[in-house]
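# Observations on the three-dimensional arrangement
As a plain string of letters, each chain reads:
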Amino acid sequence: MSSTAARRTNVPDYTTAYYFLEGLTEIGIDYLFCNFGTDHAPIINEMAHRKQRGEAMPGVIRCPHENTAAHMAAGYAFVTGRGQGVLVHVDVGTANTANAMHNLYRSRLPVLLMAGKAPYTVNDELVGSRDTYVHFIQEPFDQASLVRPYLKWEWTLPSGVVVKEALRRAHSIMQSEPRGPVYLMMQRETLTQRWASDEIRSYAEDRFATTGGGGGDPKLVEALANKLLTAENPILITGYAGRHDHASKAIDALAQFAGIAVYEANMTNNISHDSPCFVGFSPDKAAPNADVGILVDVDVPWFPSDVKTNAKAFWAHIDIDTLKPGSPMWTFPGNLRMQGDSGRILEQVLDALKAKATPRFKAAGAERLTRIKALRDERIARAQKLASDKGKPGAINPHYLMAELGKVLDDDAIIFNEGVTNAGAVLLQIPRKRPNTTMRSGGGGLGWSGGVALGAKLAAPDRMMVQISGDGGFYFGNPSSVFAVAQQYKLPIFSVVMDNTGWNAVKQSTLRVFPEGEAKQGNEFESNLAPKVQFTKVGEAFGAYGEEVSDPADVPAAIARCLKEVRGGRAALLHVRVTKL
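My aim in this report is to walk through the structure given alongside it, one point at a time. Predicted, not measured: the structure shown is a model, and the values here were computed from it.

## Some details on the overall build of the protein
Across its full length, the protein holds 21 helices and 22 strands. For 581 residues, the compact-globule estimate of 2.2 N^0.38 gives 25 Å, and the protein sits close to it at 26 Å. Overall size of the protein, expressed as C-alpha extent along the three principal axes, is 85 × 60 × 50 Å. Sorting the 581 residues of the protein into buried and exposed places 54% on the buried side. Within the protein, residue pairs in contact and separated by at least 24 positions form 78% of the contacts whose partners lie at least 6 positions apart. Roughly 24600 Å² of accessible area belongs to the protein as shown, and the carbon and sulfur atoms make up 52% of that amount. Distance from the positive charge centre (63 side chains) to the negative charge centre (61 side chains) of the protein: 5 Å.

## Overview of the sheet that holds strand 4 (residues 84-88)
Taken in spatial order, the six strands line up as 3-2-4-5-7-6 in an open sheet, and their pairing is parallel. One side of each edge strand has no neighbouring strand; the edge strands of this open sheet are strand 3 (59-62) and strand 6 (153-156). Direction aside, neighbouring strands of the sheet carry axes that sit 20° apart on average. Two elements, strand 2 (residues 31-34) and strand 4, share three bridges in a ladder whose sense is parallel. Residue pairing across strands places cysteine 34 opposite leucine 87, the latter belonging to strand 4. Helix 4 (residues 66-80) contacts strand 2, strand 3, strand 4 and strand 5 (111-117) of the sheet and is inclined by roughly 175° relative to strand 4. Against the sheet, helix 5 (residues 90-107) touches strand 4, strand 5 and strand 7 (181-187), its axis set at about 165° to strand 5.

## Thoughts on the packing of aromatic side chains
As enumerated under the stated definition, the model contains 14 aromatic pairs in all. Aromatic pair tyrosine 31 and tyrosine 76: ring centres 5.6 Å apart, planes at 70°, arrangement edge-to-face. Of this pair, tyrosine 31 sits in strand 2 while tyrosine 76 sits in helix 4, and the two are 45 residues apart along the sequence. By relative accessible area, tyrosine 31 is classed as partly exposed at 22%. Centre to centre, the rings of tyrosine 475 and phenylalanine 535 are 5.5 Å apart; their planes meet at 75°, and the pair counts as edge-to-face. Taken together, the positions of tyrosine 475 in helix 16 (residues 471-476) and phenylalanine 535 in the loop between helix 19 (518-522) and helix 20 (536-540) put the pair 60 residues apart, joining distant regions of the chain. Through successive ring pairs, a cluster of aromatic residues spans Trp302, Trp315, Trp330 and Phe332. Just above the ring of phenylalanine 136 sits the side chain of arginine 130; from NZ or CZ to the centre is 5.0 Å. Across the ring face of phenylalanine 257, the terminal group of lysine 354 is positioned such that the distance to the ring centre comes to 5.9 Å.

## Focus on the pattern of salt bridges
In the structure shown here, the tally under the stated rule is 29 salt bridges. Residues glutamate 222 and lysine 356 are paired through a salt bridge, measuring 3.2 Å at the closest nitrogen-oxygen approach. In this pair, glutamate 222 sits in helix 9 (residues 218-230) while lysine 356 sits in helix 11 (residues 342-356), placing the two residues 134 residues apart along the sequence. Residue lysine 356 is classed as partly exposed on the basis of its relative accessible area, which comes to 27%. Two residues, lysine 407 and glutamate 404, come together in a salt bridge whose shortest N-O distance is 2.8 Å. Of the two residues, lysine 407 and glutamate 404 both sit in helix 13 (residues 398-408), three residues apart, roughly one turn of that helix. Here lysine 407 falls in the exposed class, since its relative accessible area comes to 62%.

## Topic: the pairing of strand 12 (residues 292-296)
Taking burial as the measure, the five residues of strand 12 include five buried ones, the bulk of the element. Neither face of strand 12 is exposed, since Val292, Ile294 and Val296 on one face and Gly293 and Leu295 on the opposite face are all buried. The pairing of strand 9 (residues 234-238) with strand 12 spans five bridges and is classified as parallel. The partner of proline 234 across the bridge, within strand 12, is valine 292.

## Comments concerning helix 5
Between its terminal C-alpha atoms helix 5 stretches 25 Å, which fits the 26 Å expected from 18 residues at 1.5 Å a residue. Along helix 5, the sharpest kink reaches roughly 45°, centred on alanine 98. Within helix 5, burial applies to Val90, Asp91, Gly93, Thr94, Thr97, Ala98, Ala100, Met101, His102, Asn103, Leu104 and Ser107. Tucked inside the fold, the buried residues of helix 5 contact helix 4, strand 4, strand 5 and strand 7. Trailing helix 5 by a residue or two, arginine 108 shows a phi angle of about 60°, which is positive.

## Comments concerning the sheet that holds strand 20 (residues 494-499)
On the basis of which strands lie adjacent, the open sheet formed by six strands has the order 18-17-19-20-22-21 and parallel pairing. At either end of the open sheet lies a strand with only one pairing partner, and these are strand 18 (438-439) and strand 21 (545-549). Contacts from helix 15 (residues 449-459) reach strand 17 (414-418), strand 18 and strand 19 (465-470) within the one sheet, and its direction differs from that of strand 19 by about 175°. Seen against the sheet, helix 21 (residues 555-567) touches strand 20, strand 21 and strand 22 (572-577) and runs at an angle of roughly 170° to strand 21.

## Some words on the nonpolar core
Counting residues in each nonpolar core, the largest one holds 49 residues, and the members touching the most others are Phe33, Met72, Val86, Tyr183, Phe416, Leu454 and Met465. Here the element with the most residues in this core is helix 4; it accounts for eight residues. For tyrosine 183, the contacting residues outside a window of four places in its chain are Val90, Thr94, Leu113, Met114, Ala115, Gln143, Ala144, Val147, Leu151, Trp153, Glu154 and Trp155. Counting residues in each nonpolar core, the second largest holds 34 residues, with Ile271, Cys277, Phe278 and Ile318 among its members.

## Overview of the packing of helix 10 (residues 245-258) against helix 12 (residues 359-388)
Following both chains from N to C, one finds helix 10 and helix 12 inclined at 105°, their axes separated by 7 Å at the closest point. It follows from the interaxial angle that helix 10 and helix 12 lie roughly perpendicular. For the pair helix 10 and helix 12, contact is made by Ala255, Gln256, Phe257 and Ala258 and by Phe361, Gly365, Arg368 and Leu369, respectively. For the contact of helix 10 with helix 12, a count of residues per class yields five nonpolar, two polar and one charged.

Each value, and the rule that gives it
Residues numbered from 1 in each chain as written. Predicted model: local features only at pLDDT ≥ 70, side-chain atom pairs only at ≥ 80, totals over all residues. Heavy atoms only, no water. Helix = DSSP H or I, 4+ residues; strand = E, 2+ residues; numbered from the N terminus. Rg over C-alpha atoms; globule rule 2.2 N^0.38 Å. Buried < 20%, exposed > 50% of the residue type's maximum accessible area, 1.4 Å probe, protein only. Contact = heavy atoms within 4.5 Å. Areas by Shrake-Rupley, 256 points an atom, 1.4 Å probe, with all protein chains shown as cover. Lys, Arg positive; Asp, Glu negative; His and termini not counted. Charge placed at Lys NZ, Arg CZ, Asp CG, Glu CD. Pairing = 2+ DSSP bridges. Axes fitted to C-alpha atoms, helices over the stretch in contact; angles between N-to-C directions. Phe/Tyr/Trp six-rings, centres within 6.5 Å; stacked < 30°, edge-to-face > 60°. Lys NZ or Arg CZ within 6 Å of the ring centre and 35° of its normal. Salt bridge = Lys/Arg side-chain N within 4 Å of Asp/Glu carboxyl O. Expected span 1.5 Å × (residues − 1). Bend = angle between axes of the 7 residues up to and from the residue. Core = buried A, V, L, I, M, F, W, Y, C linked by side-chain atoms within 4.5 Å. Parallel < 35°, antiparallel > 145°, perpendicular 65-115°, else oblique. Nonpolar A, V, L, I, M, F, W, Y, C, P; charged D, E, K, R; others polar.

Have a look at this one:
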């Protein structure tokens, strides 16, 4: 008998799938959001095995559609910062996650996507060989190509002996900044292999740390501080910084000390909207007049076709991802780039600025704060004016609707804003005092807000989660799957559908390209959707409370009834007939 064989005598052995579930627990996966298939038989069997033995493994959330599963992982990561597992069925399940992987990748949210592959043996040579029709037709030449544009890493597990090593590698990459999706594929024969427990190594997190950003080069920090000392019209534009509390505080502190107007570009609210330096959501008017601009954790600060910046202006870009290698073309200005932890770098800049500040600089900063207040007052007055028009029966004004909703939401509520062409009304009418309490997708895949709201509710069950979408986005979101999960796992969310009976984004895009074209002349935009849909029935089919409102006078009471149901533990869907296309 060999020494290896002797060493394994009386050592228990289990399948790869058994160690796979154990490895997921070791890397901190709390939940598997699953849509199961024939490829998962070994995993399902070991789930039952581990339950019988009372051994730890991630919680299982069964989702009727993969779009829900993947976006739930996104919502959980948005709240906690920790990526979770998504388990789907071979190539077809992977294809159904592509929309979500695009959104997660562009939103810098971590997820461990996992799928089986068709078995590679056909004559019952190994446990798990092909035994059904689909095993012969679910084997593309390149399964990962379905989601590869949105991945940081991919691999097919070659042997169960490295299953925990592969999981640790996947975790290290997805959690390292900028965070994002990774993909692991596993075949049935590999999952059914048996290994002695002393053959499977574990990989402790403290020995395989994830990477984060550091501070900035002191010379570059000083260079930016010097520019701010002489700036007359400095602005700061940010998109993701609110994800990190210290970055949010650093932006506000720097802005108040130096008199810098702060704009938010997509994704989340980055500082309190009560801050004296928060101006709004569009820097289009300010950017051309800025002499010093700071881009902080932002992907698209403005649209170059609409905004022409001053060629003599100095732009600094502070970000964990300053060059955006995931985008083939990205040519926003950057006279100075500091890649690292934006909060830490901004703290360094503030320290340098305080050391150099003169009475003249402080006086200029105070004068700029006065100008910023005027801009803030103008934005608030504009919001109030827009909300004062309630609309009419059958065409409720979205600004009025959102203003009424904003009146009754507390500061802890999180808003998932998929309003698309009405997203501006959500932002303008529901100001947020607490950073990271509103989210928009960094990607362009519609149908995300319902699943993300569910995942967030799972992570923070005591907080109100509000999904706001248009009717087009509601279709894309597989709502029957969303409300099925809400019912089965007792995850009450509040869904608001602003129904304008069409794809307004399609119409507006056509008008931007052809403002006087034939489409306008004939009022033919191919954008109308079914006008008499009762979306409430979708929610009601799964036990949710549903209410349709078309009269502006009924809006406050309808919102109150829906919120009461959600607080009582039942999902609610408010279908609102808003101003049409």
